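Chain by chain, the residues run as shown.
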Amino acid sequence: SNNSGDTTAPIISLIGDETITLNIGDTFTDQGATAIDETDGDISNLIIVTGFVDTTISGSYEVTYTVSDSSGNSSSINRTVVVLEAIPEPDPSQGL
C-alpha cells in the first residue's frame, strides 16, 4: 500500500495524568498512551517510551512517548513524574 500522500501525524494521548506525583519508594506504574493514525488506525502498539523514573531519588523525571505511522509522520507527548523528598519519621526517642 502506498501511503505517500499521508502527511497527517498520528494523534497520541496519555492514559492517566500528565503529571504524576509519587513519594520516595513508591512504584511508578506507567499507564502508557494511545495513538490513533488517520491512515493506519490504532498504532498504540508502536509507541516507543523513553525516559527513566528512579523512585529512590527525589526529583522530576520526564517520560516521552513517541509514535510514527507507516509514512514516517511522528508525534510525541510527555509525562512528568515528580518524586517527592521523604518526610522524616518522628524519632521515637524524643518522647511525646
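See the structure shown above.
Summary of the structure given here. (Residues numbered from 1 in each chain as written. Predicted model: local features only at pLDDT ≥ 70, side-chain atom pairs only at ≥ 80, totals over all residues. Heavy atoms only, no water.)

1. Some thoughts on the sheet that holds strand E2 (residues 19–23)
Reasoning step 1: On the basis of which strands lie adjacent, the open sheet formed by four strands has the order E2-E7-E6-E5 and mixed pairing. Here the strands that pair on one side only, and so sit at the sheet edges, are E2 and strand E5 (48–50). With direction set aside, neighbouring strand axes in the sheet form an average angle of 25°.
Reasoning step 2: With five bridges connecting them, E2 and strand E7 (residues 74–84) associate as parallel partners. (Pairing = 2+ DSSP bridges. Helix = DSSP H or I, 4+ residues; strand = E, 2+ residues; numbered from the N terminus. Axes fitted to C-alpha atoms, helices over the stretch in contact; angles between N-to-C directions.)

2. So, the pairing of strand E6 (residues 59–68)
When a strand is regular, its side chains alternate between the sheet's two faces.
Reasoning step 1: Judged from the three bridges that link them, E5 and E6 form a sheet pairing that is antiparallel. Its bridge partner lying in E6, Val-49 is registered against Tyr-65.
Reasoning step 2: Between E6 and the antiparallel strand that follows it, E7, lie five residues; Gly-72 among them carries a positive phi value of about 90°.

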